[in-house]
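# Per-entry structural report
Given next are the chains, with one letter for each unit.
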Protein chains: 2
Amino acid sequence: MVVPRENNAPHEVVIIGGGFGGLYAAKALANTNVNVTLIDKRNFHLFQPLLYQVATGTLSPADISAPLRSVFSKSKNTKVFLGEVSDIDPKKQEVILGDETIPYDTLIVATGANHSYFGKDHWKEFAPGLKTVEDAIEMRRRIFSAFEAAEKETDPKQRQAFLTFVIVGGGPTGVELAGAIAELAYKTLKEDFRNIDTSETRILLLQGGDRILPHIAPVLSKVAAESLQKLGVIIHTNTRVTNIENNIVTFKQGDEVTEIPSKTILWAAGVQGSAMGKVLAQKTGVECDFSGRVIVEPNLTIKDYKNIFVIGDLANFSHQTGKPLPGVAPVAKQQGEYVGGLIQLRLQGHTLPEFHYTDVGSLAMIGQNLAVVDLGFIKLTGFLAWVFWLIIHIYFLIEFDTKIVVVIQWAWNYITRNRRSRLITGKEAFLESQPVNNNSPYQATENKQPVKL
Amino acid sequence: MVVPRENNAPHEVVIIGGGFGGLYAAKALANTNVNVTLIDKRNFHLFQPLLYQVATGTLSPADISAPLRSVFSKSKNTKVFLGEVSDIDPKKQEVILGDETIPYDTLIVATGANHSYFGKDHWKEFAPGLKTVEDAIEMRRRIFSAFEAAEKETDPKQRQAFLTFVIVGGGPTGVELAGAIAELAYKTLKEDFRNIDTSETRILLLQGGDRILPHIAPVLSKVAAESLQKLGVIIHTNTRVTNIENNIVTFKQGDEVTEIPSKTILWAAGVQGSAMGKVLAQKTGVECDFSGRVIVEPNLTIKDYKNIFVIGDLANFSHQTGKPLPGVAPVAKQQGEYVGGLIQLRLQGHTLPEFHYTDVGSLAMIGQNLAVVDLGFIKLTGFLAWVFWLIIHIYFLIEFDTKIVVVIQWAWNYITRNRRSRLITGKEAFLESQPVNNNSPYQATENKQPVKL
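Residues numbered from 1 in each chain as written. Chains lettered and ligands numbered in written order. Predicted model: local features only at pLDDT ≥ 70, side-chain atom pairs only at ≥ 80, totals over all residues. Heavy atoms only, no water.

- Labelled according to an unreviewed UniProt entry, chain A appears under the name NADH:ubiquinone reductase (non-electrogenic), originating from Dolichospermum planctonicum CS-1226.
- The heading Sequence similarities (unreviewed entry) in the UniProt record of chain A holds the text "Belongs to the NADH dehydrogenase family."
- UniProt annotates chain A under Catalytic activity (unreviewed entry) with the comment "a quinone + NADH + H(+) = a quinol + NAD(+)". (UniProt positions renumbered as here; feature names shortened; annotations may be inferred.)

## Brief notes about the packing of helix 1 (residues 20-28) of chain A against helix 9 (residues 329-347) of chain A
Residue and element names in this part refer to chain A.
- One can describe the packing of helix 1 onto helix 9 by two numbers: an axis separation of 7 Å at closest approach and a directional angle of 30 degrees. Remark: the crossing between helix 1 and helix 9 carries right-handed chirality. Every residue of helix 9 that contacts helix 1 at F20, G21, Y24, A25 and A28 is listed here: A329, A332, K333, G336, E337, G340, G341 and Q344.
- Among the residues making up the contact of helix 1 with helix 9, the classes are represented as six nonpolar, five polar and two charged. (Axes fitted to C-alpha atoms, helices over the stretch in contact; angles between N-to-C directions. Helix = DSSP H or I, 4+ residues; strand = E, 2+ residues; numbered from the N terminus. Left-handed = near helix turned anticlockwise from the far one by under 90°. Contact = heavy atoms within 4.5 Å. Nonpolar A, V, L, I, M, F, W, Y, C, P; charged D, E, K, R; others polar.)

## A short note on the pairing of strand 15 (residues 248-253) of chain A
Residue and element names in this part refer to chain A.
- Taking burial as the measure, the six residues of strand 15 include five buried ones, the bulk of the element.
- Bridge count for strand 14 (residues 239-245) against strand 15 is six bridges, and the pairing is antiparallel. Across the sheet, residue R240 finds its bridge partner in strand 15, namely K252.
- Connecting strand 14 to the antiparallel partner strand 15 that follows it, the hairpin turn spans two residues, and N247 within it adopts a positive phi of roughly 70 degrees.
- Bridge analysis of strand 15 against strand 16 (residues 256-261) gives six bridges, and the strand direction is antiparallel. Within strand 16, the position partnered with V249 by the bridge is I260. (Buried < 20%, exposed > 50% of the residue type's maximum accessible area, 1.4 Å probe, protein only. Pairing = 2+ DSSP bridges.)

## Regarding helix 10 (residues 382-396) of chain B
All names here are of chain B.
- An ideal rise of 1.5 Å per residue puts 21 Å on 15 residues; helix 10 measures up with 21 Å between its terminal C-alpha atoms.
- Those residues of helix 10 that sit buried are G382, A385, W386, W389, L390 and H393. Seen from one end, helix 10 has its buried residues packed into an arc of 145 degrees, which puts them on one side. Exposed residues lying more than 90 degrees from the buried face of helix 10 are L384, I391 and Y395. (Expected span 1.5 Å × (residues − 1). Arc of directions from axis to C-beta.)

## Here's the deal with empty space enclosed by the protein
- On inspection of all chains with the given rule, the structure shows six cavities of 30 Å³ or more.
- Space inside the largest cavity adds up to approximately 110 Å³.
- Listed by contribution, the elements that provide at least two residues to the lining of the largest cavity are helix 4 (133-152) of chain A together with helix 4 (133-152) of chain B.
- Among the elements that line the lining of the largest cavity, the one with the most residues is helix 4 of chain A, at three residues.
- Here the lining of the largest cavity is built from residues that sort into nine nonpolar, four polar and two charged. (1 Å grid on protein atoms, 1.4 Å probe; cavity = no way out; pocket = protein on both sides within 12 Å on 5 of 7 lines; lining within 4 Å. Points joined across faces, edges and corners; volume = space filled by probe spheres on them.)

Spelled out as structure tokens, the structure:
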């Protein structure tokens, strides 16, 4: 419960994580009479829904980032603290970062989710995911290096492996990656190479369920799939990936097992709650679901601890529909705002009714002039949906300084069909040719342990 | 000389390096009847003069980069080849990249310059330089991490070391870095921290000679120094750095030796010709100067090899003034264009008079509304010079897709005084506190081996 502090010291709110949940909670508490400490590992908030555009060379990391200190520079009750929380002590009401401790009266845990490789963590090396700026730069390096390596490769089999992109997971990230790589290969890069024809690129999108974008209406899934196929993407639904190793992905549809030599395998499948979920479970006895998400109460606190909130991707909130709310930005944002408001009301002796998510709809970009938008009462496809997607994302970027810059870049990319941010940076500038499995693509092999996507 | 090829095959021009020299040579030869192979380690051309703005959080790497394939996508006689040249064989007329060889009729070497630590290469770790995108991101990480670490530090001495920035070298890069860090500390970040006052930041600019910006008129050096001092930068001229180790820089003015504890030491001092200079010297017997630059003939070829050109920062061209031309973008650009023209004329049996550099003047940005411009006949300072600096840089960025984006970012930074690109990325998100030498700053110690800046 809210413990009154000695000497009328201000109520101390500690927020762990500067994603959408933490950011909007801190914003709701900005310039109020509580003290806020916002802890993050990074010095910036990241607009994750656009990370795929960094990975595919359209935007720069800074275009979709907001320095946390800059966001709160005018809110003098807000302290940004750079660091990684290692533990919490709910009895002493302290957050622990290595040797340091930060006391709290109210704690908001908003540390989000990580990739899940369904227990096959060794796949990560061969099939990187997309959660951080470094992930996006590494993905960008792999994608553009693959074309460079294909340009140099003389062996047709190796060349085909370099020109084969496999995306595991048919949710929004997988769909948006597949669409962006298709436009890259079949449009942007078409004139850029001399030895290869980039239109020979193969892009495979592997989906575990029976349709891509399972969170939107089936009719829109169908439109999205048709649009992607028209762009040149090969979609496999009801498909389980059974193995990923260096340059080769194995998957199973029904009883048929297929091996695809591919130099660029991208992971857009499972997510799991971040490590702080386990810490909370250990220290407070709260229950987590099978994906490591913390089961929260109707007011987003955890069982037995009215002063600990869990919000965003780390929270399993099932009180509204019986199913957990999806791990998307609008849920985290609304939860952050709710908790910020509730904390203020509590200090005045009031409370709030339980959290209620206002569904703002779902949308996915497929390509130039192509998107799908599901607002429940209204469904859009094609150009109209694409314009809507743009407007919504520009609206959300309002919180960022970067709106104009992003709009200009999008406009410029649209006109020139170019991608200016396609730098191969970080590790070595280009991939060395590596031998791939010499089996022909799509060759049936023995069944291996299936893993559900 | 130009060797006619069998079967009337096109004349093969190989260009090593996609900096200003190589890029403009390739542009001069675009869509002509020669074959051009442009070899670079990276897949993009980098506008190095603006790299300091990446290091200090104003621009993103992609804003000052142009994908090489994109630049030459419409020039079908130009092949971009990603790779690192390990050797050349001037007898066989071949360029060697590991196992691969590329034959040439004419070779243009434009591999530029690297940092020189004057034989003290172990300083590099503690005082990184600024030549590549990775350098800039590392410098950015160190600068912004230093403020973050200072915010957490409780020991006043340590805190002061985190808030002390030492820039070694008073040329354009050093001056521009010092000015940009001063604006960062005294303006941009002023409201962003809660425990530290960033106006306590100390910025030292160490210069070997008797004035900063020695390449421009003395009157402008004076104005630049005064402007920097007004911004808060401490300038030491006639200063030799005698030692750099972890968190401490030692320098000597006359007989006085000073030690400064500093967590952020940045190197903007010497340059030396890249490794290809040595390769050329070994294989062709051409002479290099003390900085490793190749002594070139009046037409930019090397002695005894009329079909090997060396241009840009790697070339020592002293035929015009008796002194080597400076290692700046306009020299490289004009040399690239000259060589491109000369190759075409030669194939028609003609030639060109010796290379002549048209001096376009020198300029350096100091801060908001502050720059110095030396056009010889006209000298500008203050706001006028700053506007001129902007126009010139926007003009040069014309070759890039990014002009509008950069202009918008500059305008936005100007209005808000913010720096949106201040991401701490790459390695760990923040520096751990490290013990610094406990001697008081500016403490005189024993003389050590002086090194001329």
